[in-house]
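# Coordinates in review
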Amino acid sequence: MNPFVYARASSLAEAARLGLDKGTFVAGGTNLLDLMKLEVVAPERLIDISRLDFGGIEERPDGGLRIGAMVRNSDLAADGLVRERYPVLAKALLAGASGQIRNMASTGGNLLQRTRCYYFYDTAMPCNKRAPGSGCQAIGGINRSHAIFGGSEHCIATHPSDMAVALRALDAAVEIERDDGARRVVELESFYRLPKDTPHIETVLEPGELITAVLLPPPAALRQAYRKVRDRASYAFALVSVAGIVRLEGGLIESAAFAFGGVAPQPWRDETFEHILMGNKPGPDLFARATDTLVMQAAPTKDNAFKVLLLQRTTQAVLSELTGV
Amino acid sequence: METDTRTTLLDALRNDLGLTGTKKGCDHGQCGACTVLADGRRINSCLTLACMHDGEEIVTIEGLGAPGRLSALQRAFIHHDGFQCGYCTPGQICSASAMLGEIEAGWPSSVTADVAGRPDLTAQEVSERMSGNLCRCSAYPNIIEAILDVAKAKGS
């Protein structure tokens, strides 16, 4: 590991100020420490924000939730309100990592974790995300785990988070604080940036900006599911995952919100797919038509073509689970 | 104690404090051999810096029991032959001791049928909750039996 200066921030303002000065924030550290040991990243200055008070899990006046950035993944998954009103979020969290890591990992850090692309992790290899302009070995290389949506000729890495997939389906927003104390709220939909020709810039966060909370609107419906397909039954990243929220009214699908993991550089959502479902009677034909549309824009690579069919079938299974058809 | 900023909690325990019960396996959070309890919660001591835990209570396998005063889990691992080489065992036992507290507190897991309800104490639940602790000798069936034994004794 490269030498670095360690500083524990005593306030949000101090953290943001230190962050502006070549600082890298550390919260749970589960991903960052791993990357530092491998020298994939080498921060000059580590700003420990783990003891700052970002608030806990609080109900908002509109019936939604505010989740403080340092709420650990295990505490969020175990929270009574989350389990009752946002089961898709609890399920997604519990499908990720291990008990030990969930005890450490924070809400803000989970959103900012880096891809598990093998070339990103291997410092002997070119990678546009790790070393901008050096090239992408995954394209044309071993790319079984890579994206079928949203990639570019510079990067086809996937976002690894389960939590973020559920949050995307729940229409979550990210609360961000600047060094001057000003706060802004960014919908998760606009928080991540597609790789295009700058795959090393992954979010809209500016230097010195800090995630202070995740905001959830009241749940649109209580029919919620999260299904994750992976190479082993536990403690593995998703090949494909599906977060679904459906409201039925008079035998018809009144609303549908779906987000997909393991298939894109960010939690993926497809409005056309949701519109095909809405206002219609649930059934295998409708599900097939909707999932055919879902993969129309898919651009699989050499090793990950299986994800197209896997995504369709996993989505159909979730639709079936949610509608009882 | 004084140590380099780069020192992980794991290396501080083993190298600075001489508490070698906590094992270094993968050093990347994948195997769980380094599991310790930080303020009562199980964590991977390899994935965190010692300086981040200033003032916290860290419990290692040495703190859970010792020859002559073994903990219930340690006795159960011996009784059920829950290990072969033994390298993963301190991590397994630290992890299991906190994991039983998580079940007691009603935390669900990804195999809990109703995420809003209380989890049942089954082999499937224990297996899922212990997935962060690998055993290359594959003593898993006996590890699960040992943990279930202790859990049932606690519950009765």
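Calculation notes
Residues numbered from 1 in each chain as written. Chains lettered and ligands numbered in written order. Predicted model: local features only at pLDDT ≥ 70, side-chain atom pairs only at ≥ 80, totals over all residues. Heavy atoms only, no water. Helix = DSSP H or I, 4+ residues; strand = E, 2+ residues; numbered from the N terminus. Rg over C-alpha atoms; globule rule 2.2 N^0.38 Å. Buried < 20%, exposed > 50% of the residue type's maximum accessible area, 1.4 Å probe, protein only. Contact = heavy atoms within 4.5 Å. Areas by Shrake-Rupley, 256 points an atom, 1.4 Å probe, with all protein chains shown as cover. Lys, Arg positive; Asp, Glu negative; His and termini not counted. Charge placed at Lys NZ, Arg CZ, Asp CG, Glu CD. Arc of directions from axis to C-beta. Pairing = 2+ DSSP bridges. Polar contact = N/O pair within 3.5 Å; in protein donor to acceptor, adjacent residues only side chain to side chain. UniProt positions renumbered as here; feature names shortened; annotations may be inferred. Core = buried A, V, L, I, M, F, W, Y, C linked by side-chain atoms within 4.5 Å. Domains from an automatic or database assignment. Buried area = accessible area lost by both parts, 1.4 Å probe. Salt bridge = Lys/Arg side-chain N within 4 Å of Asp/Glu carboxyl O. Nonpolar A, V, L, I, M, F, W, Y, C, P; charged D, E, K, R; others polar. Phe/Tyr/Trp six-rings, centres within 6.5 Å; stacked < 30°, edge-to-face > 60°. Axes fitted to C-alpha atoms, helices over the stretch in contact; angles between N-to-C directions.

## Focus on the overall build of chain B
The helix and strand tally for chain B stands at six helices and three strands. When the helices and strands of chain B are placed in sequence order, the string is α-β-β-β-α-α-α-α-α. Relative to the globule expectation of 15 Å for 156 residues, the C-alpha radius of gyration of chain B, 16 Å, shows essentially globular dimensions. Its C-alpha atoms give chain B principal-axis dimensions of roughly 45 × 35 × 25 Å. Among the 156 residues that make up chain B, the fraction classed as buried is 53%. Long-range contacts, defined here as pairs at least 24 residues apart, represent 53% of the contacts in chain B between residues at least 6 apart. As displayed, chain B has an accessible area near 7100 Å², and 50% of this comes from carbon and sulfur atoms. A gap of 4 Å separates the mean positions of the 13 positive and 19 negative side-chain charges of chain B.

## A short note on helix α12 (residues 284–294) of chain A
All names here are of chain A. Looking only at α12, the buried set comprises L286, F287, A290, T291, T293 and L294. Axial view of α12: buried residues confined to an arc of 155 degrees, hence all on one face. Of the residues in α12, the exposed ones pointing more than 90 degrees away from the buried face are P284 and D285. Buried residues along α12 sit in contact with β11 (252–261), α11 (271–277) and α13 (306–323).

## Overview of the pairing of strand β3 (residues 45–48) of chain A
Consecutive residues of a regular strand have side chains that alternate between opposite faces of the sheet. Residues and elements named next belong to chain A. Summarising the sheet, strand β1 (residues 5–8) and β3 pair through four bridges and their orientation is parallel. Directly across from A7, in β3, lies its bridge partner I47. Summarising the sheet, strand β2 (residues 23–26) and β3 pair through four bridges and their orientation is parallel. The residue of β3 that forms the bridge with T24 is L46.

## Let's talk about the side chain of K228 of chain A
All names here are of chain A. Structurally, K228 can be placed in strand β9 (residues 223–229). Residue classification places K228 among the buried positions, given a relative accessible area of 15%. At 2.8 Å, the side chain of K228 and the backbone oxygen of A95 are in polar contact. Engagement of the side chain of K228 in a polar contact is seen with the side chain of D162, the distance being 2.8 Å. Those residues within four positions of K228 in sequence are excluded, and the remaining contacts are A95, G96, D162, A236, F237, A238, V240 and S241.

## Section: the UniProt feature "domain: FAD-binding PCMH-type" (unreviewed entry) in chain A
Under the local residue numbering, the UniProt record ascribes the feature "domain: FAD-binding PCMH-type" (unreviewed entry) to residues 1–221 of chain A. As annotated, residues 1–221 of chain A has a helix share of 28% and a strand share of 16%, and its two end C-alpha atoms lie 47 Å apart.

## Notes on the nonpolar core
The biggest cluster of nonpolar side chains holds 52 residues, and the ones touching the most others in it are L89, L111, L167 and L216 of chain A. Residue contacts for L167 of chain A: discarding those within four places in its chain leaves L89, L111, A172, L188, V214 and L216 of chain A.

## Re the domain arrangement of chain B
Residue and element names in this part refer to chain B. Each domain of chain B was delimited in the assignment, giving domain 1 (9–63) and domain 2 (65–155). A C-alpha centroid distance of 19 Å is found between domain 1 and domain 2. With 18 residues of domain 1 at the contact, the number on the domain 2 side is 19 residues. Across the domain 1/domain 2 interface, buried area totals approximately 1400 Å², and carbon plus sulfur atoms make up 52% of it. Viewed at the interface, domain 2 and domain 1 are joined by one salt bridge. As a salt-bridge pair, E102 and R42 come within 2.8 Å of each other at their nearest N and O atoms. If you list the elements that add at least two residues to the side of domain 1 that touches domain 2, you get β1 (35–38), β2 (41–44) and α2 (61–64). For the side of domain 1 that touches domain 2, the per-class residue count stands at five nonpolar, eight polar and five charged.

## Digging into the interface of chain A and chain B
On the chain B side, the residues contacting the 40 residues of chain A number 36 residues. Between chain A and chain B, the buried area comes to about 3000 Å², and carbon and sulfur atoms account for 54% of it. Interface area lost by chain A to chain B is led by K37, R83 and Q100 of chain A, which between them contribute 22%. Summed over the shared surface of chain A and chain B, the number is four salt bridges. Counting the contacts that link chain A with chain B gives 22 residue pairs in polar contact (both at pLDDT 80 or more). With five residues, helix α6 (residues 99–104) of chain A is the largest single contributor of residues to the side of chain A that touches chain B. Among the residues making up the side of chain A that touches chain B, the classes are represented as 19 nonpolar, eleven polar and ten charged.

## A closer look at the pattern of salt bridges
Residue and element names in this part refer to chain A. Taken as a whole and assessed by the stated rule, the structure comprises 28 salt bridges over all chains. The partner of D62 in a salt bridge is R60, with the nearest N and O atoms 4.0 Å apart. What makes D62 partly exposed here is its relative accessible area of 43%.

## What to know about the packing of aromatic side chains
Between two aromatic rings, the relevant description is the distance of the centres plus the angle of the planes. Residues and elements named next belong to chain A. Per the counting criterion, the structure on display carries seven aromatic pairs over all chains. Measuring from ring centre to ring centre gives 5.8 Å for F260 and F273, while their planes differ by 70 degrees; the resulting arrangement is edge-to-face. With F260 in strand β11 and F273 in helix α11, the pair connects residues that are 13 residues apart, well separated along the chain. Of the two residues, F260 and F273, both sit in the buried class.

## A closer look at the sheet that holds β1 of chain B
For sheets, the rule is that strands pair by backbone hydrogen bonds, running either parallel or antiparallel. Residues and elements named next belong to chain B. Strand order in this open sheet of three strands is β2-β1-β3, and the pairing throughout is antiparallel. The sheet terminates laterally at β2 and β3 (58–59), the two strands that pair on one side only. Here β1 pairs with β2 via four bridges, running antiparallel. Directly across from T35, in β2, lies its bridge partner N44. Packed on one face of the sheet, helix α4 (residues 89–104) meets β1 and β2 and runs near 45 degrees to β1.

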